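Each chain is listed here by its residues.
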Amino acid sequence: MKVMVLGGDGFCGWPTSLHLSNRGHDIVIVDNLSRRNIDNELEAYSLTPIEPMGVRINTWEQLSGKRIRFHRIDIAGEYDKLKTLILEEKPDAIVHFAEQRAAPYSMKSEYHKCYTVNNNLNATHNVLCAIVATGLPVHLVHLGTMGVYGYGSPDTKIPEGYLNVRIRKEDAGEVEKEILYPADPGSIYHMTKTQDQLFFYYYNKNDGVRITDLHQGIVWGTNIEETLQDERLINRFDYDGDYGTVLNRFLMQSSINHPLTVHGSGGQTRAFIHIQDTVRCIEIALDNPPERNERVKIFNQMTETHRVRDLAQLVSEMTGTEVLYMNNPRKENEENDLNVDNKCFLDLGLNPTTLAQGLLMEVRDVAEKYAHRCDREKIICKSYWTREKGLETQN
Ligand code: NAD
Ligand code: USQ
């Protein structure tokens, strides 16, 4: 199948592109390289040395004999270019990773809030509008987030997207209705993902666009089989206070003997998935598109849940690194339970990769190898959810 990968230069998009190419799919990457520009803005670079796109693609061609094509397009700002490319390439499917994905970056300042909203909402809307305008039967697979649900309430399981509710009628009795699970975003970034859901609902209802929305948990790990074939194919590894995610950060911190930075009490429970399962889930989603008039398919793309302080404890026991409980820069519940339904992917054959010492050590080994590239000044998160949070931390 021909697959257009929007955001194919990023942490999830690059390994996905290689994996799908390896499986024989024809891959066209679209990316505006904004993530590399944000590295420059923050002066915080991937711990692993990522090669320019040209080198990445040529290396893959030398090794696999397969050519991935690349187009530098801002899908949020260059609608006509995007539409023309879709018309020319006629992809069977589009995988959409191309959004600003860091919650702390989205909360840094007014500029970062506006940038995240403009970029993410226009990106998603432009893709949908262009699919309809071309009249092509493209299947859109979008990377959403578990954060659209908020993070659980005691004694209930988070369903895969939809919730059955009973509404009391004005006279008597009740009507049943299926609704999108109530959105409860915890950052400007997460808010854009909750709004993406409404775009999908509308374009599916009005134009019959076939859409799969993957509500993904926190991705950990760095390499997959394909990125390990040559150092020039290495995936990015974010460790800084804005883009680094919690488990990869702890593993990286342990490799340079930096205290493990637990926000608040560390009672936050989150959903996790290893990068090799991310690429596998996308392959499964592509192989199982919705039928022509089917509603938006929503899958929870996660394999396990963990409490932040338990992860810190685990890494600390494995490596002897001290745990540091810090003022939480975020406005979030400091203790929550999280029970998630992920039956859709399991039923379609996902064999979950769960937290295992070997895999944790593999990530730590990568971190250790490139530890000389780490800027310790960039580790602590300095993006605050509110003015008060900033003052609390500085005092
Ligand atoms: P990333 O920042 O590494 O990659 C995103 C890519 O999209 C970058 O290469 C960037 O240059 C590109 N991009 C952004 N805006 C664009 C635009 N307007 N036009 C063209 N290209 C653009 O992020 P990632 O970690 O690979 O995440 C990919 C997707 O998966 C995101 O939508 C994110 O919300 C979702 N997701 C990520 C995680 C995670 O833990 N990394 C977890 C859940 C969901
Ligand atoms: N945290 C720490 N210490 C750290 C970093 C984070 O305690 O050093 C805590 C945070 O306060 C938060 C939790 O760990 O409670 C998760 O933070 P994170 O940065 O690992 O993940 P998050 O901000 O939620 O965002 C990441 C991705 C995002 C994706 C989301 C999936 O960056 O793109 O959508 O995970 S989910 O968390 O399921 O919503």
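Check the entry above for the structure.
So, here is what we can say about the structure in this document. Residue positions are given per chain, counted from 1 along the sequence in the order it is written. Chains carry letters and ligands carry numbers; both start at the beginning, A for chains and 1 for ligands, and go up in the order they are written. Predicted model: local features are reported for residues with pLDDT of at least 70 only, side-chain atom pairs are reported and counted for 80 or more only, and whole-chain, interface and lining totals are derived from all residues. Just so you know, side-chain values use all the structure's heavy atoms and leave hydrogens and water out.

Next up on the list: the site of ligand 1. In the vicinity of ligand 1 lie 28 residues, with Cys12, Asp31, Asn119, Tyr189 and Lys193 positioned nearest. Throughout this description, a polar contact denotes any pair of N or O atoms lying within 3.5 Å of each other; where both atoms belong to protein, one of them has to be capable of donating a hydrogen while the other can accept it, and for residues adjacent in sequence the pair is counted only when both atoms sit in side chains. Between ligand 1 and Asn32, the relevant distance is 3.0 Å, taken from a nitrogen atom to a side-chain nitrogen or oxygen of the residue. A distance of 3.0 Å is found between an oxygen atom of ligand 1 and a backbone nitrogen or oxygen belonging to Arg35. Within the complex, the protein chains bury 97% of what would otherwise be the 830 Å² of accessible surface of ligand 1. One heavy atom within 4 Å of a molecule or strand is enough for the residue carrying it to be called near that molecule or strand. In short, Shrake-Rupley with a 1.4 Å probe defines the accessible areas, and a residue's cover is counted only from the protein chains shown.

We now examine helix H9 (residues 275-287). Within an α-helix, residues lying three or four positions from one another point in the same direction, as the helix has 3.6 residues per turn. In this text, helices come from DSSP runs of H or I with a minimum length of four residues, and strands from runs of E with a minimum of two, each type numbered from the N-terminal end. A helix is expected to reach a length of 1.5 Å times the quantity of its residues less one. With 13 residues, H9 should cover 18 Å at 1.5 Å per step; its first-to-last C-alpha distance of 19 Å lies within 8% of that length. Burial of H9 is extensive: ten of the 13 residues sit out of reach of the surface. Buried within H9 we find Ile275, Asp277, Thr278, Val279, Cys281, Ile282, Glu283, Ile284, Ala285 and Leu286. For every residue, the accessible area obtained with a 1.4 Å probe (protein chains only) is divided by the maximum for its type, and the residue is called buried under 20%, exposed over 50%, and partly exposed between those limits.

One open sheet holds the three strands; their spatial order is S9-S11-S13, and the pairing between them is mixed. One side of each edge strand has no neighbouring strand; the edge strands of this open sheet are strand S9 (218-220) and strand S13 (304-307). This sheet shows a mean twist of 45° between the axes of neighbouring strands, independent of strand direction. Alignment of strand S11 (residues 269-274) against S13, held across four bridges, turns out to be antiparallel. By the bridge assignment for S13, Phe272 is matched with Glu304. Strand pairing follows a simple DSSP-based rule, namely that at least 2 bridges must link the two strands. Where helices are involved, their axes are fitted lines through C-alpha atoms of the stretch in contact, as for all axes, and angles between N-to-C directions lie from 0 to 180°.

Packing of helix H4 (residues 79-89) against helix H6 (residues 110-134) leaves a shortest axis separation of 9 Å and a crossing angle of 45°. Judged by the angle between their axes, H4 and H6 are oblique. The way H4 lies across H6 gives a crossing that is right-handed. Contacts between H4 and H6 involve Tyr79, Leu82, Lys83, Ile86 and Leu87 from the first element and Asn126, Val127, Cys129, Ala130, Ala133 and Thr134 from the second. Here the residues of the contact of H4 with H6 are counted per class, giving eight nonpolar, two polar and one charged. In what follows, roughly perpendicular refers to angles from 65 to 115 degrees, roughly parallel to angles under 35, roughly antiparallel to angles over 145, and oblique to any angle outside these ranges. Whether a crossing is left-handed or right-handed is set by the direction in which the near helix is turned from the far one by less than a right angle, anticlockwise for left-handed and clockwise for right-handed. Throughout, a residue-residue contact means that at least one pair of heavy atoms, one from each residue, lies within 4.5 Å. Residues were grouped as follows: Ala, Val, Leu, Ile, Met, Phe, Trp, Tyr, Cys and Pro as nonpolar; Asp, Glu, Lys and Arg as charged; and all remaining residues, including Gly, as polar.

Let us now look at the nonpolar core. Within this scheme, the nonpolar core is defined by two criteria: the residues are buried Ala, Val, Leu, Ile, Met, Phe, Trp, Tyr or Cys, and they are joined through side-chain atoms within 4.5 Å. Met4, Leu6, Ile75, Ile94, Val127 and Leu140 are the most contacted members of the largest nonpolar core, which totals 36 residues. Looking at this core, the elements with two or more residues in it are strand S1 (2-6), strand S2 (26-30), H4, H6 and helix H7 (188-207). In terms of residue count, H6 provides more of this core than any other element does, five residues in total. Setting aside residues no more than four positions away along its own chain, Leu140 makes contact with Ile94, His96, Val127, Leu128, Ile131, Phe200, Arg210, Ile211 and Thr212. Among the nonpolar cores identified, the runner-up in size contains 33 residues, and Val95, Val141, Leu233 and Cys281 belong to it.

What follows is about the site of ligand 2. Taken together, 23 residues form the shell around ligand 2, and within it Thr145, Tyr189, Val246, Thr261 and Glu332 come nearest. Within the side chain of Tyr189, an N or O atom sits 2.7 Å from an oxygen atom of ligand 2. Notes on ligand 2: free accessible area 740 Å², of which the protein chains cover 96%. When contributions to the shell around ligand 2 are tallied by element, the ones reaching two or more residues are H7, helix H8 (246-255) and strand S10 (260-263). In the shell around ligand 2, the residues fall into eight nonpolar, ten polar and five charged.

Ser34, Arg35, Arg36, Ile38, Asp39 and Leu42 are the residues of helix H2 (residues 34-42) that are buried. Looking at the buried residues of H2, the elements they touch are helix H3 (53-64), helix H5 (103-106) and H6.

With that out of the way, let us pick up the packing of aromatic side chains. Pairing of aromatic side chains requires ring centres within 6.5 Å, counting the rings of Phe and Tyr and the six-membered ring of Trp. Pairs whose planes differ by under 30 degrees are stacked, by over 60 edge-to-face, and all others tilted. By the definition in use, this model includes six aromatic pairs. Their ring planes at 75° and their centres at 4.8 Å tell us that Phe299 and Phe345 sit as a pair that is edge-to-face. Here Phe345 lies in helix H11 (residues 343-347) and Phe299 lies in strand S12 (residues 297-301), a separation of 46 residues in the sequence. In this pair, the class of Phe299 matches that of Phe345, namely buried. Aromatic rings pair up to connect Tyr105, Tyr111, Tyr115 and Tyr243 into one cluster. Whether a charge lies above a ring is judged from NZ of Lys or CZ of Arg, which has to be within 6 Å of the ring centre and within 35 degrees of the ring normal. We note Arg270 situated over the ring of Tyr151; from NZ or CZ to the ring centre the distance is 3.6 Å. Cation over ring: Arg295 sits above Tyr162, and NZ or CZ is 3.8 Å from the ring centre.

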